[in-house]
Amino acid sequence: MWLNPEEVLVKNALKLWVTEKSNDFFLLQRRRGHGEQGGKISGLLVGALDTVLDSSARVTPFRILLQVPGSQISWVIASGAAIEEVNKHWDWLVHNLLHSLSVFENKEDVASFVKGKVKGLIAEEARGRQAAQEDEPDKFREVLLKFELHFGLPSSEKLVTHYSCCCWKGRVPRQGFLYLSINHLAFYSFLLGKEVKFVVPWAEVTRLERVSSPLMTESIRVSTRQRQRDFSMFLNLDEAFGVIGQLADIALRRLLDSEGLELDRVLQQPTRITKRVLEEQALREYVLALFRLPRAERLYEVASCSVWTPHARCHTAGTLYATDSYLCFSSREEGHCTLLIPLSEVLSIEKAESTSLLPNPVIVSVRSKKAFQLIELQERDELVDGLNARLRALQWKHSMFRSRPQGKRSLVTHTHTHTHTHTHTSMQQVKQRLWDDHFLEFGRGVHMFRTDKIQRLVAMGIPESLRGELWMNFSDASTELAAHQGYYSGLVQRAMGHSSLATEEIERDLHRSLPDHPAFQNPTGIAALRRVLTAYAHRNPKIGYCQSMNILASVLLLYAKEEEAFWLLVAVCERMLPDYFNRRVIGAQVDQSVFEELIRERLPELAEHIPDLSPLSSVSLSWFLTLFLSVLPFHSAVCVVDCFFFHGIKAIFQLGLAVLDANAAQLCASTDDGQALMVLTGFLDQVGSGEDSSGPPPSPQPPAEENNGVPAVGRTNITDLINESYEKFGELTVRQIERLRCRHRILVLQAHEDTTKENALRLVSPDVSISPDDLADVYDLFKVSVRLRLHTASLAAAVAAAASRSGEPGRSCDQQQYRLDRPQFKSLYGLLTPWPGGSPQHADTLANRTFTLLDQDQDSMVTFREFACWLDTLYCEELNEKIRLLYRLHIPPGEHRVLLTCPPHLSTSPVLLTCPPHLSTSPEVKDYQEQLKQMLQDLVREKEKDVEKPLPLMNQREFIQFCKTLYSLFHGDPEENDLFQAIATVTSLVLQIGEAGHRSGRHRGSEVSQQEEEEAEPKGGGEDSVSDSEWTVSYAQILASLLTEQALVNFFEKPADLSAKIASAKQKQYEQHSSQAEADLK
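Residues numbered from 1 in each chain as written. Predicted model: local features only at pLDDT ≥ 70, side-chain atom pairs only at ≥ 80, totals over all residues. Heavy atoms only, no water.

## Re the overall build of the protein chain
- Across its full length, the protein chain holds 42 helices and 26 strands.
- For the protein chain, the share of sequence-separated contacts (at least 6 apart) that also reach a separation of at least 24 residues comes to 67%.
- Of the roughly 51,100 Å² of accessible surface on the protein chain, a fraction of 53% belongs to carbon and sulfur atoms. (Helix = DSSP H or I, 4+ residues; strand = E, 2+ residues; numbered from the N terminus. Contact = heavy atoms within 4.5 Å. Areas by Shrake-Rupley, 256 points an atom, 1.4 Å probe, with all protein chains shown as cover.)

What follows is the structure, given as structure tokens:
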């Protein structure tokens, strides 16, 4: 393969290589000991060396060198494991380059020409590999060349696809091409001699919309914080909109919340993303959401087929989805008929004889002595072989229908049955008979047929005797339970007794969970709830424990055994409500944003009267987080949970829309948010069920108009409300919800970014003199520096970066901002420093010293606060502070660090995070105000103590480096000559001061007795430390000397334009990153 040219100083070092072919410019060499017949000792030694080396350090046995006549330096330009491969490269060089090289007069030009050609071949090979992943490789290779030519992005920037479209500028359309890469959206147009091109990073996209107007057809609007752009006239607008949304979503999740939002393992390497991969990913996410499968499931086969449905006495057409552990079927009309078969329940998958009535049949037999017939399967043989291979790998799993030890009973069986009235019991018996009839017709267990009829039964409320079983089947938690026998009990043993923040929060909320229910008014119920919540917090530390989990777990324990309740909680938190219970409840906020859009679409009159839907969204957040358990009467809320386990989050969206629709008139007539809240609260309080007679009687409601003229709402039956939600909003599909989630996740993540930025600026702005606009721009540059380093990083690197940004939950707000590592800091340092400096080597040294000085907690990261304070010193502080900074850069980091101009009490000191020891342990100081007052006094004393400490003295070697730095700062300045003379004068003066101090110290030393010298000698730190202690100067002496030269004073007091520097940095930042990325590839 071709290699980036690498220098070889000695062509035949240690005689490790044997030349096979040669000419004036190239050598083909073989590694000694490779392919030799015989036993030359040198060949045996080299062969043995190559054998014992680690695989990453082994050398390929053949290589081609570029040699320039008369030069001792050669370059390795190709290598290979086989002689045939290297011979192909050799023949190409001989036939295409050798004759051309003889015309060069300058031999150095020969090396540059060949190295350029080889790099071009490498780039072409990379394009070929990328193009090979596409459906039309030749066409894609041509597009890729244009993409690289037009935009100059790093070669590592993976192009995913492109579309022909128009970009509108006002009323003028510009026809061109839209290029979509893993990190950017780019557009290029060349029309009538005018070129238009721009690049938009996905991380800057804040909103994606489909809009239409009389002027143009339906278009895609891409909005950033600065502007919005409209693209139209796509050949397939739906496809383009879907791909744009996916790429923006993936990029934002990688860059902004990779530790909280899991990505498919195919997307963990951005270079593997293609248009085909995106299509497969979208289909996989849809299947996971439709059947509520575990997030780790991979989709293997998708096939159109028909399934024999005994209840309908016909074959139902639809699609079969085969994953790691499941066989799933969905009818063509989503929700009409679905079937979920865990492979752990399957006994065999066999092909039957094909006939004209039953083409390509497959029989799937399950443990419950049932069989499912699939027909009209294309590529039946490959499908069955794949299923059987995975089935054999899952034979060790236990079936949920096998006999197993019975766990603890559900709490409701012995705490609630005695309260049932005759009416309640008879209603339960009627429901039980209906379900028994349904089981006979549609089957029982996870693999029952799920149709419209079961939807009507669920809306009536599942009987209490079947509720736990059906919840386990609908959520497929039963399969997880069967596959993990003994897991829960072991988890409880490991988790109990361990104290953490999660366990403390659990203990605080235990007695707040359904406090009026008899099951949780005794130690048995509380202990079971404690075990379930603690075990889950131990299982999933990322989530740990969140408020509202206690309410959900309490209800699960009422109708399911303890171990079943645990697996139901796992299903809800990890599959059915993904990302709801992470640190920032991203999933819940995304669904609230989706809910707002659904209100605008399905309830336009309400949206017209209430343009700002955020108050309604804040009210509905608890509906989603607690599945209406916190707002509805208990029996009504449990019916909602029944629907949730059957339909998933779709049921909550539909019910939420139905509640708003039922109260639309009152909400439109309300005059403020408080009144709207009262309307909804009053309505939900009056939603009852046929089982409410067993509970306390409802409180009487005023019959007349109340609440400022808004008529009171009468009592509503939960079954009627659920049926109404199905009738009015039942056309809402899982596919629509998933597409809306993809788009609205962008809004939510960007809103979090805006909040993060506001918090950072609010914390830093009081401590700096930089203008608010400039400080905001500096933050943007700071954030982009972090983002650019993650563009080509794997997901693991993105997660690590997110972890370094977010830190632990208990860390201070300052520590939860973006942070720069050393390479990122040096890159931004070069763009923003007001002093250009001399040689690149010295500038790099100064950047490294600055990073070390700012890295106060020695974690190899610099926070935005530290960076902003450093920049404030350079641009806004007085001369003495600038000299102080330069002085500190040239002395070893002191034991007590003070961050430039930032007060010590605002640094990342632990004093911000915890109270001083005497405050946290003293029993006398109990009042919060007294604690705060005492803390402020301690901080003031600490500040005064730090300010009083003088800076360490500077020795002669450090002073020389200090002078070199000053010389480099003046390089290129208009007053360069005057500055050089001034610094020479200051240097001479300071050297004299230091020499005087040196002589004075030596004179005092002569008075020390011989005995004291002998005692002091072994304690010395060597010759260097002695000389350092003899020749020193202080910061005050250097500052006073510099003030004697007006040229130096003028230089350091000359105002620098930070705004102009920021504007220049914004233009150069991407160019610098591209150059650095290319250098890294080499």
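Resuming the write-up.
## Notes on the pairing of strand β15 (residues 326-331)
- In terms of burial, β15 is largely enclosed, as 6 of its 6 residues are buried.
- The alternating pattern of β15 places Y326, C328 and S330 and L327, F329 and S331 on opposite faces, both of which are buried.
- Examined bridge by bridge, strand β14 (residues 314-323) and β15 share 5 bridges and lie antiparallel to one another. Bridge pairing in β15 places T319 opposite S330.
- What sits between β14 and β15 in their antiparallel hairpin is a turn of 2 residues.
- Here 5 bridges tie β15 to strand β16 (residues 337-342), and the two strands are oriented antiparallel to one another. Its bridge partner lying in β16, F329 is registered against L339.
- Taking the residues between adjacent antiparallel strands as the criterion, β15 and β16 are bridged by 5 residues, where G335 takes a positive phi near 90°. (Buried < 20%, exposed > 50% of the residue type's maximum accessible area, 1.4 Å probe, protein only. Pairing = 2+ DSSP bridges.)

## Considerations on a nonpolar patch on the surface
- There is a patch of nonpolar side chains on the surface, built from V430, L434 and M460 and spanning about 210 Å² of accessible area.
- As for its position among the elements, M460 is in helix α11 (residues 452-460).
- The class for M460 is partly exposed, based on a relative accessible area of 33%. (Patch = residues over 30% accessible without salt bridge, like charges linked within 9 Å, V, L, I, M, F, W, Y side chains within 5 Å. Salt bridge = Lys/Arg side-chain N within 4 Å of Asp/Glu carboxyl O.)

## Here's the deal with the environment of L387
- Along the chain, the position of L387 falls in helix α8 (residues 380-393).
- Through-space distance from the C-alpha of L387 to that of S348 is 9.7 Å; in sequence the pair is 39 residues apart.

## Observations concerning the sheet that holds strand β18 (residues 362-366)
- The 8 strands lie next to each other as β17-β18-β19-β13-β14-β15-β16-β20, forming an open sheet whose pairing is antiparallel. The sheet is open, and its two edges are formed by β17 (346-351) and β20 (450-451), each paired on a single side.
- Pairing of strand β13 (residues 299-309) with strand β19 (residues 371-375) involves 2 bridges; the strand directions are antiparallel. Residue pairing in the sheet places S306 in a bridge with I375 of β19.

## Some details on the UniProt feature "domain: EF-hand" (unreviewed entry) in the protein chain
- Residues given the UniProt feature "domain: EF-hand" (unreviewed entry) here are residues 842-877.
- This span, residues 842-877, is 72% helix and 6% strand, and a straight line between its end C-alpha atoms measures 24 Å. (UniProt positions renumbered as here; feature names shortened; annotations may be inferred.)

## Considering the packing of helix α23 (residues 649-662) against helix α25 (residues 673-685)
- Where α23 meets α25, the axes come as close as 10 Å, and the angle between the chain directions of the two elements is 110°. The angle between α23 and α25 places the two elements in the roughly perpendicular class. Crossing of α23 over α25 shows right-handed handedness. Within the contact between the two elements, α23 uses V659, L660 and A662 and α25 uses L680, F683 and L684.
- Tallied by class, residues from the contact of α23 with α25 come to 6 nonpolar, no polar and no charged. (Axes fitted to C-alpha atoms, helices over the stretch in contact; angles between N-to-C directions. Parallel < 35°, antiparallel > 145°, perpendicular 65-115°, else oblique. Left-handed = near helix turned anticlockwise from the far one by under 90°. Nonpolar A, V, L, I, M, F, W, Y, C, P; charged D, E, K, R; others polar.)

## Some points on the packing of helix α30 (residues 822-832) against helix α32 (residues 864-876)
- Between α30 and α32, the least distance of the axes is 12 Å, while the angle of their chain directions is 25°. Between α30 and α32, the crossing angle belongs to the class labelled roughly parallel. Relative to α32, the crossing made by α30 is right-handed. Facing α30, whose interface residues are F825, L828, Y829 and L832, α32 presents F867, W870, L871 and Y875.
- Each residue belonging to the contact of α30 with α32 can be placed in one class, and the counts come to 8 nonpolar, no polar and no charged.

## Thoughts on the sheet that holds strand β1 (residues 2-8)
- In spatial order, the strands read β1-β5-β4-β3-β2; together these 5 strands make up an open sheet with antiparallel pairing. Looking along the sheet, the strands with just one partner apiece sit at the ends: β1 and β2 (17-22). Geometrically, the sheet is characterised by an average inter-axis angle of 30° between neighbouring strands, direction not taken into account.
- As defined by bridge partners, strand β3 (residues 26-31) adjoins strand β4 (residues 62-67) across 5 bridges and the pair is classed as antiparallel. Note on β4: the bridge partner recorded for R30 is F62.
- Lying over the sheet, helix α2 (residues 83-96) contacts β1, β2, β3, β4 and β5 (74-80), oriented at roughly 175° with respect to β3.

## Section: the packing of aromatic side chains
- Applying the stated criterion across every chain, the model contains 39 aromatic pairs.
- Between W471 and Y559, the aromatic rings sit 5.6 Å apart at their centres with planes inclined by 75°, giving edge-to-face as the arrangement. One end of the pair, W471, is in helix α12 (residues 464-475); the other, Y559, is in helix α17 (residues 549-559), with 88 residues separating them in the sequence.
- Looking at Y559, the relative accessible area reads 5%, which means it is buried.
- In this arrangement the basic side chain of R210 is found over the ring face of F241, its NZ or CZ atom lying 5.6 Å from the centre.
- Cation over ring: R229 sits above F198, and NZ or CZ is 4.0 Å from the ring centre. (Phe/Tyr/Trp six-rings, centres within 6.5 Å; stacked < 30°, edge-to-face > 60°. Lys NZ or Arg CZ within 6 Å of the ring centre and 35° of its normal.)

## Focus: the side chain of T719
- Examined against the element boundaries, T719 turns out to sit in helix α26 (residues 718-729).
- Here T719 falls in the buried class, since its relative accessible area comes to 16%.
- From its side chain, T719 meets the backbone oxygen of A459 in a polar contact 3.2 Å long.
- Dropping the residues within four chain positions of it, T719 is found in contact with A459 and M460. (Polar contact = N/O pair within 3.5 Å; in protein donor to acceptor, adjacent residues only side chain to side chain.)

## Topic: α25
- Here α25 contains 13 residues, and its C-alpha end-to-end distance of 18 Å stays within 8% of the 18 Å for a straight helix at 1.5 Å per residue.
- Listed as buried for α25 are Q675, A676, V679, L680, F683 and L684.
- On its buried face, α25 sits against α21 (614-626), α23, α24 (664-669), β21 (687-688), β22 (716-717) and α26.
- Put simply, D672 is the residue that caps the front of α25, since its side-chain oxygen is 3.2 Å from the backbone nitrogen of G674. (Expected span 1.5 Å × (residues − 1).)

## Points about α32
- Here α32 contains 13 residues, and its C-alpha end-to-end distance of 17 Å stays within 8% of the 18 Å for a straight helix at 1.5 Å per residue.
- Buried residues dominate α32, accounting for 12 of its 13 residues.
- Turning to α32, its buried residues number three or more, namely F864, R865, E866, F867, A868, C869, W870, L871, D872, T873, L874 and Y875.

## A look at the pairing of β18
- Counting buried residues along β18, 4 of its 5 residues qualify, which places the element largely inside the surrounding structure.
- Across 5 bridges, the pairing between β17 and β18 is antiparallel. Residue S348 lies in a different strand from β18, and its bridge partner there is S365.
- Pairing of β18 with β19, which is carried by 4 bridges, proceeds in the antiparallel orientation. Across the sheet, the residue bridging to V362 is L374, located in β19.
- Here β18 folds back onto β19 in antiparallel fashion, the turn holding 4 residues, of which K369 has a positive phi close to 60°.

## Topic: unusual backbone geometry
- In the Ramachandran plot, R292 falls in the positive-phi region, its phi being about 50° despite a non-glycine side chain.
- Here the phi dihedral of E379 falls at roughly 50°; this positive angle occurs in a residue that is not glycine.
- You can see E379 is positioned in the loop between β19 and α8.

## Re the side chain of E301
- Among the structural elements, E301 can be located in strand β13.
- When sequence neighbours within four positions are dropped, the list of residues in contact with E301 reads L320, Y321, A322, L383, G386 and R390.

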